[in-house]
Amino acid sequence: MDKKEIKTIETVTAKLLELLDVEGKFDILENKEGESVDIVLDTKDTGIVIGYHGETMEGLQLVISLCVARKLGRFVRISLEVGDYKKNRTEWLKSLAKETKERVLSENKEIFIPELKSWERRVVHLLLENDDKVMSESQGEGRDRVLVVKPKN
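Here we summarise the structure given alongside this text. Just so you know, these numbers come straight off a predicted model, no measurement behind them.

## Side note on the pattern of salt bridges
Counting across every chain of the model gives eight salt bridges. For Lys101, the salt bridge is made with Asp131, and the minimal N-O distance between the two is 2.7 Å. Of this pair, Lys101 sits in helix α4 (residues 85-107) while Asp131 is found in the loop between α5 (118-128) and β5 (134-139), placing the two residues 30 residues apart along the sequence. Lys101 sits in the partly exposed class, given a relative accessible area of 22%. A residue is classified by how much of its surface remains accessible, and Asp131, at 12% relative accessible area, is buried. Of the charged contacts in the structure, one is a salt bridge between Glu107 and Lys109, with a shortest N-O distance of 3.7 Å. Among the ionic contacts, a cluster of salt bridges with common partners joins Arg103, Glu107 and Lys109.

## Section: the environment of Lys152
Checked against the element boundaries, Lys152 lands in the segment after β6 (146-151). As for Lys152 and Asn108, which are separated by 44 residues in sequence, their C-alpha atoms are 9.7 Å apart.

## Focus on the pairing of β6
Of all the six residues making up β6, six are buried; the element is thus mostly covered by neighbouring parts of the structure. In the sheet, strand β4 (residues 111-113) pairs with β6 via three bridges, with the strands oriented antiparallel. Looking across to β6, one finds that Ile111 is bridged to Val149. Between β5 and β6, which pair antiparallel in sequence order, lie six residues; one of them, Gly140, sits at a positive phi of approximately 95°.

Rules of the game
Residues numbered from 1 in each chain as written. Predicted model: local features only at pLDDT ≥ 70, side-chain atom pairs only at ≥ 80, totals over all residues. Heavy atoms only, no water. Salt bridge = Lys/Arg side-chain N within 4 Å of Asp/Glu carboxyl O. Helix = DSSP H or I, 4+ residues; strand = E, 2+ residues; numbered from the N terminus. Buried < 20%, exposed > 50% of the residue type's maximum accessible area, 1.4 Å probe, protein only. Pairing = 2+ DSSP bridges.

Following this line, the structure appears as structure tokens:
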């Protein structure tokens with residue numbers, strides 16, 4: 001990703017935050033060979049921006065992604081972090097993945113984990129992708145989509 005594209009992401013993000021009357025500073029961090037961008041927002045309006053279970057933050061992330069895609073003419077994965085919400089949630093997901101793996105192995109059966117958001121399922125998939133004892137997959141559609149962890153037999 002070049003400096004012009006990063007500047008576009010910065011401009012779009014600043015404009016959206018201004019329109020929403022959200023005051024704060026943000027940093028843009030490019031990662032994984034330009035495939036994705038993390039926007040880390042520091043604001044006094046943390047609770048409002050995160051919303052119930054991160055839903056407002058995810059909506060804002062989606063709007064930023066769509067606006068950036070429109071401006072750049074291509075999709076760029078954008079992750080919005082506010083108040084360490086995702087960092088803390090990721091730590092919890094690591095613990096959940098470990099506990100679920102142990103349960104799958106002790107009970108020798110698949111375990112379903114419902115009510116995870118798509119980014120949360122992705123985190124668990126990435127945590128278990130190279131595991132030699134268990135595997136994970138998503139099943140279902142829309143809000144009924146669940147993560148399944150099962151033994152590799």
